[in-house]
Amino acid sequence: MNDKAYKSIIESILFTMGKSVELEKIAGAIELGKEDTKHLIEELAEEYETADRGMRIMELEDSYQMCTSRNTYEYLIRIARQPKKHVLTDVLLETLSIIAYKQPVTKAEIEKIRGVSCEHAVSKLVEYNLVSELGRLDAPGRPMLFGTTEEFLRNFGIHSLEELPEMSPLQMEEFKQEAEAEITARDQSGSL
């Protein structure tokens, strides 16, 4: 393997890890000695510096980390300050309402109510900080329990879960029908 290929691998490792990686681990991954690996990292860092790229490689006590150039901080701050708008689809809203009314609840319980997998929906709700992991159910497999967060309360303008409107049996039946329609649509699209 040539130096360019090694540098490409090192660059991928540092970018993917997102935190500092010990020289020894990088050397082990590319199957080179520590001195040769260090030399390649230093060359790669110099290439970033001389090309005036937005990324840099920083040495931190025998570890290396990919980070942004100081020249770009102002722009990163601008982007980070922009408000993030999360879109709640019907599937996310339905999953969120099940969690809000049934919490603490497991994914299996949500899936039983919805009739379809909820993995993606729950992950998105956790990412949006509307739902969080509350612990584990004391049952075989120790499934994760989920519940709503303070951010959920803020976003929906309520002070406590007691302020949630009562669900009528008609609304529950509508949920079931929507879930069944979703299953049927997926089954039909999968068989085409």
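Only a predicted model underlies this, so the values are computations on that prediction, with no experimental measurement involved.

1. Considering the overall build of the protein
1) Next: When its secondary structure is counted, the protein shows nine helices and five strands.
2) Next: Put simply, the protein runs from its N terminus to its C terminus through helices and strands in the order α-β-α-α-β-β-α-α-α-α-β-β-α-α.
3) Next: For 192 residues, the compact-globule estimate of 2.2 N^0.38 gives 16 Å, and the C-alpha radius of gyration of the protein, at 24 Å, exceeds that figure by more than 25%.
4) Next: Nonlocal contacts in the protein, meaning residues at least 24 apart in sequence, comprise 47% of its contacts between residues at least 6 apart.
5) Next: A total accessible area of about 13100 Å² is found for the protein, and carbon and sulfur atoms account for 52% of it.

2. Brief notes about helix α2 (residues 23-30)
Each full turn of the α-helix corresponds to 3.6 residues, which orients residues three or four apart in the same direction.
1) Next: Taken together, the buried positions of α2 are Leu-23, Ile-26, Ala-27 and Ile-30. For α2, the angular spread of the buried residues around the axis is 100°, confining them to a single face. Of the exposed residues in α2, the ones pointing more than 90 degrees away from its buried face are Glu-24, Lys-25, Gly-28 and Ala-29.
2) Next: Summarising the contacts, the buried residues of α2 are in contact with α1 (3-17), β1 (21-22), α3 (34-50) and β3 (63-68).

3. Overview of the packing of aromatic side chains
1) Next: Counted according to the given criterion, the structure contains one aromatic pair.
2) Next: Here the aromatic rings of Phe-152 and Phe-156 are separated by 5.0 Å at their centres, their planes lie at 40°, and the arrangement is tilted. A residue pair is termed a helical-turn pair when its members lie 3 or 4 positions apart in one helix, as Phe-152 and Phe-156 do in helix α8 (residues 150-156) at four residues.
3) Next: Take Phe-152: its relative accessible area is 4%, and that puts it in the buried class.
4) Next: For Phe-156, a relative accessible area of 37% translates into the label partly exposed.

4. Brief notes about the packing of helix α5 (residues 90-102) against helix α7 (residues 119-127)
1) Next: Orientation of α5 relative to α7, taken along the N-to-C sense of each, is 80°, at an axis distance of 9 Å. With respect to α7, the axis of α5 lies roughly perpendicular. Residues Val-91, Leu-92, Thr-95, Leu-96 and Ile-99 of α5 lie in contact with α7, whose contacting residues are Ala-121, Val-122, Lys-124 and Leu-125.
2) Next: Class assignment of the residues belonging to the contact of α5 with α7 gives a composition of seven nonpolar, one polar and one charged.

5. Overview of the pattern of salt bridges
1) Next: All told, the structure shown has 12 salt bridges when counted by the stated rule.
2) Next: Note that Lys-124 is salt-bridged to Glu-127, the shortest N-O span being 3.4 Å. Separated by three residues within a single helix, Lys-124 and Glu-127 lie in helix α7, roughly one turn from each other.
3) Next: Judged by relative accessible area, which is 23%, Lys-124 ranks as partly exposed.
4) Next: A relative accessible area of 52% means that Glu-127 is categorised as exposed.
5) Next: Each of Lys-7, Glu-43 and Glu-47 takes part in a single network of salt bridges with overlapping partners.

6. Observations regarding the confidence of the model for the protein
Parts of the prediction with low pLDDT should not have their coordinates interpreted in detail.
1) Next: Model confidence for the protein is summarised by a mean pLDDT of 87, while 92% of its residues fall at 70 or above.
2) Next: Across the protein, α2 holds the top mean pLDDT of 95, while helix α9 (residues 169-190) sits lowest at 69.

7. Here we look at the sheet that holds β1
1) Next: Here we have three strands laid out as an open sheet, ordered β1-β3-β2, and antiparallel in their pairing. In the strand order of this sheet, the two ends are held by β1 and β2 (55-59), each with one partner.
2) Next: Of the strand pairs in this sheet, β1 and β3 are connected by two bridges, and their pairing is antiparallel. Bridge assignment links Val-21 to a residue of β3, and that residue is Tyr-64.
3) Next: Taken strand by strand, α3 contacts β2 and β3, and its axis lies near 140° from that of β2.

8. Quick notes on the pairing of strand β5 (residues 144-148)
1) Next: Among the five residues in β5, five count as buried, and that is most of the element.
2) Next: Neither face of β5 is exposed, since Met-144, Phe-146 and Thr-148 on one face and Leu-145 and Gly-147 on the opposite face are all buried.
3) Next: Bridge count between strand β4 (residues 131-136) and β5: five bridges; the pairing is antiparallel. The partner of Val-131 across the bridge, within β5, is Thr-148.

About the criteria used
Counting starts from 1 at the beginning of each chain's written sequence and moves along it residue by residue. Confidence filtering applies because this is a predicted model: local features only for residues at pLDDT of at least 70, side-chain atom pairs given and counted only at 80 or more, and all residues used for totals across whole chains, interfaces and linings. The side-chain values count all of the structure's non-hydrogen atoms but skip hydrogen atoms and water molecules. The helix count covers DSSP runs of H or I at least four residues long, the strand count covers runs of E at least two residues long, and both are numbered beginning at the N terminus. We take the radius of gyration over the C-alpha atoms and set the globule estimate at 2.2 Å times the residue count to the 0.38 power. Residue contacts follow a heavy-atom distance rule, with two residues in contact if any of their heavy atoms lie within 4.5 Å. In these tables, accessible area is a Shrake-Rupley quantity obtained with a 1.4 Å probe, and a residue counts as shielded only by the protein chains included in the view. Residue burial is assigned from relative accessible area. The probe radius is 1.4 Å, only protein chains are included, and a residue is buried under 20% of its type maximum, exposed over 50%, and partly exposed in between. Directions are taken from the helix axis to each C-beta atom, and the arc is the one they span. Pairing of aromatic rings covers Phe, Tyr and the six-membered ring of Trp, with a centre-to-centre limit of 6.5 Å; geometry is then stacked below 30 degrees between planes, edge-to-face above 60, and tilted otherwise. Only the contacting stretch of a helix is used when fitting its axis, a line to C-alpha atoms as for every element, and angles between N-to-C directions run 0 to 180 degrees. Any angle that falls under 35 degrees is termed roughly parallel, while one over 145 is termed roughly antiparallel, one within 65 to 115 roughly perpendicular, and all others oblique. Three residue categories are used. Nonpolar comprises Ala, Val, Leu, Ile, Met, Phe, Trp, Tyr, Cys and Pro, charged comprises Asp, Glu, Lys and Arg, and polar comprises the others, including Gly. Any carboxyl oxygen of Asp or Glu that lies within 4 Å of a side-chain nitrogen of Lys or Arg is treated as forming a salt bridge with it. Confidence per residue, as judged by the predictor, is encoded in pLDDT with a range of 0 to 100. Strand pairing is defined by DSSP finding a minimum of two bridges between the two strands.

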